[in-house]
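Each chain, letter by letter, is given below.
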Amino acid sequence: MKKNLLKVNTCCYLIIAAYLLITVSNAVRSGFPWAMTCYSCLLCRQSCPLGIDPHGFISAANTDDPNLYVTASNIRIHLNQAIEIDPDMQVRFRNQPVVKAKTALAQGVEPEAEVTVLKMHAKDAASFCPLCGNCNKACPITLPLMKIIEDLKDDGEFNG
Amino acid sequence: MLGAISLIFFILIMVASVRKWVRQDVLPLQSLLVIGSLILVGLSFLFNHSFDHSRFFAATSLHPITATIAGFMLAGAVESAGGFAAASQLLIRCSQGFLGLSGTVLLLVNVPSIFAMPCGRVWAAALIPAALMFGVELVKECGNPALMPAVVFSLIVNAAASCGPSPLGGIGMIAEGTGGFDLHSFSNPQQLSIMVMTVLVMVAMVKIVKLDVNICGLAQQLKARTFLPESAYFSFFLYVFGLAAVFIVEPPVPIQTLLLLLTALVMLVGQVSFRRLLSGLIIHPVTAMVAGFMMAGALLVTGGFDSLTALLNWFAVHTWLGYIGVAVLLVYIPLIFPLPCGRIAAAALLPGVMMFGQQVSLITGVEQCLPAMMVAFILACAASCAPSPLGGIGGIGEGNLRLKSGLAGRGLQLSILLSLPISALIVSGLGLSTEMFRFAEWILAASLGMVSGVVVNVIVGQRFYRPGGIFSGLVVAALMMVL
């Protein structure tokens, strides 16, 4: 390998190392470093009665970002509630295509109409969580997912 | 628009690496993926597309990366303690008993999928040295030099595919979780197909690919590496029984912790220094995985995967392929573009596979189409890291056998191509189940085990009905069903 290419390639490998370091440090900063041990097997997805993806909370902890969007399938609220919480929340009204809450309003959906939430911030999903503990039980290595949810429920921030 | 550009860019990068338009000594895959990710991030700013840095980092799964590192540490410790030299001696003694050469070979090459780890490299790194030493003895006994690559590459493909059915965070669990299927319901169909895949690789290496290996040179080099301190056998037993115990008991502790504990034990028993341990760590697959996840993150953020799904949909609706044709293509995409870690393709394409699987189920009226497609796809992802020319496990085998890079790829890909439909047929014929004792499944497993035993008997040059080989095949099948 030529000298210049050695420098370029070494830089690229250093970027890879930095990327890994940033990923690890984000998890540590959130106060939930054990989130890194998640297998990403997604078995917890089947367990939530509200259809919230518990793995989304793990991702949010791993990236130290309570505003990371997580998926849901069974949360139904009024459109005006959705806009108040997050105008960019992805919702579906009856059989219409999935749009942002503010777009649904602009398209003429009544503010009092019931919509199904399909994507919301992790901190908002935590506020809806009934804390049933099903996700904890579904985890093959029994990670305490509820701790992340309880933390976010408090003030919407990671306090560890 | 941005999504389509990023998808095209990604495909160009992959093809450029695979076809060696950009040589690996100029820009290895890792550098290409890093530069590609940075370009995509730059493009998202250029197109005024909001760049969600959290989603970019969230695409990375640390589990396979840390499992690979921990596995290499353990394998490095056992290697330094002489454990694998001890293993080859044990294999030679085993081959002189009832099992014979064919039975021992069949048992050896199927160990990774019996005790499946979340990354096949954990077993591959460990057993390849033992397979090499045993292979030299095997060639001496049988006089067929093609047996050496047959043993090594069948072990490699078995190890590669084993991360699919692994209950310790294998790729199959991702599909089970995503699709809402029962835990471990995908394991048996995968393991049985892997058994067939392994034997097919042996046949391909002996009858079709016929690689020219310098056995004498290898034998001399391996002789120089063989030393057996007192603790060697104990280190090896600690390794095997430790991993088997973890696998059977499945404690609710991350596998990485257990691998580290085992490493510390082996270091103590074998008096292995930390420096020697570090020398066994192979950085390449780890960096390839991280770079792959970086690119996956960039594609996610720029909408590349959404474009792929839209494209496949378009093909399904507007071409003669239809949904069924595109579904088959989708299942084989990981094999067409084999990446160094199957999880990258699995994470990216699984939603698309689910969507197509549901469509195919609707069109055909056969409910099992969705799980059948998902199992075949997961197996393709898992096994694809064997033939990957971008730092796949096959490269480790080629390096150890002093072969030119890429020679074994076609044989590996052919075997995987032929065995994927078997997993789909098992699911569509027998359905999914987590029961340990299903009569039909056991009959199938026993039949496949017997056929494997017969084929390996013939490959090794023994009588086809030699009981050792057939018994070994039955034992392998039984262990796969039970564990």
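Provided above is the structure to which this section pertains.
Nothing here was measured: the structure is a model prediction, and the numbers come from that model.

Basis of the calculations
Residues numbered from 1 in each chain as written. Chains lettered and ligands numbered in written order. Predicted model: local features only at pLDDT ≥ 70, side-chain atom pairs only at ≥ 80, totals over all residues. Helix = DSSP H or I, 4+ residues; strand = E, 2+ residues; numbered from the N terminus. Rg over C-alpha atoms; globule rule 2.2 N^0.38 Å. Buried ≥ 20, exposed ≤ 12 C-beta atoms within 10 Å, placed from the backbone. Contact = placed C-beta atoms within 7 Å. Nonpolar A, V, L, I, M, F, W, Y, C, P; charged D, E, K, R; others polar. Axes fitted to C-alpha atoms, helices over the stretch in contact; angles between N-to-C directions. Left-handed = near helix turned anticlockwise from the far one by under 90°. Core = buried A, V, L, I, M, F, W, Y, C linked by C-beta atoms within 7 Å.

A. Up close: the overall build of chain A. Along chain A, the regular secondary structure elements total seven helices and four strands. Ordered by position in the sequence, the α and β elements of chain A form the string α-α-β-α-β-β-α-β-α-α-α. Against the 2.2 N^0.38 benchmark of 15 Å for 160 residues, chain A shows a C-alpha radius of gyration of 19 Å, more extended than a compact globule. For chain A, with 160 residues in total, the buried portion stands at 42%. When contacts within chain A are restricted to residue pairs at least 6 apart in sequence, long-range pairs at least 24 apart make up 64% of them.

B. Seen up close, the overall build of chain B. The helix and strand tally for chain B stands at 23 helices and zero strands. Per-residue burial over chain B gives 59% buried out of 483 residues. Taking the contacts inside chain B whose residues are at least 6 apart along the sequence as the reference set, 82% of them involve residues at least 24 apart.

C. Focus on the interface of chain A and chain B. Taken together, the 31 residues of chain A in the interface contact 30 residues of chain B. Elements represented by at least two residues in the side of chain A that touches chain B include exactly α1 (3–29) and α2 (55–63) of chain A. By residue number, the principal contributor to the side of chain A that touches chain B is α1(A), which donates twelve residues. Residue composition of the side of chain A that touches chain B, grouped by class: 19 nonpolar, ten polar and two charged.

D. Just the environment of K102(A), in detail. All names here are of chain A. Structurally, K102 can be placed in helix α4 (residues 101–106). Residue classification places K102 among the partly exposed positions, given that 16 C-beta atoms sit within 10 Å. Other than its neighbours up to four places away in sequence, K102 contacts I83 and P87.

E. Spatial organisation of the packing of helix α22 (residues 439–460) of chain B against helix α23 (residues 467–482) of chain B. All names here are of chain B. α23 packs onto α22 with a crossing angle of 145° between their chain directions and a minimal axis gap of 7 Å. Every pair of crossing elements has a handedness; the one defined by α22 and α23 is right-handed. Counting all contacts with α22, which are made through E441, W442, A445, A446, L448, G449, M450, S452, G453, V454, V456 and N457, the residues of α23 involved are G469, I470, S472, G473, L474, V476, A477, M480 and M481. When grouped by side-chain class, the residues that make up the contact of α22 with α23 number 13 nonpolar, seven polar and one charged.

F. Expanded view of the nonpolar core. Residue and element names in this part refer to chain B. Core analysis: the biggest nonpolar cluster contains 229 residues, and M373 and I378 have the highest contact counts within it. Take this core: its biggest share by element is 15 residues, from helix α7 (residues 121–142). Ignoring anything within four residues of it in the chain, the contact list for I378 reads G164, I171, G172, A175, F186, Q190 and A346.

G. Quick look at unusual backbone geometry. Even without glycine at this site, S40(A) takes up a positive phi of about 55°. By secondary structure assignment, the location of S40(A) is in the loop between α1 and α2. In this structure, Q271(B) takes a positive phi of about 50° despite not being glycine. Looking at the secondary structure, you find Q271(B) in the loop between α13 (255–270) and α14 (274–279). For Q271(B), a count of 11 C-beta atoms within 10 Å puts it in the exposed group.

H. Representation of the environment of T142(A). Note that T142(A) resides in the loop between α6 (134–138) and α7 (145–155). Here T142(A) falls in the exposed class, since 11 other C-beta atoms lie within 10 Å of it. Ignoring sequence-local partners within four residues, the contact set of T142(A) consists of N136(A) and P252(B).

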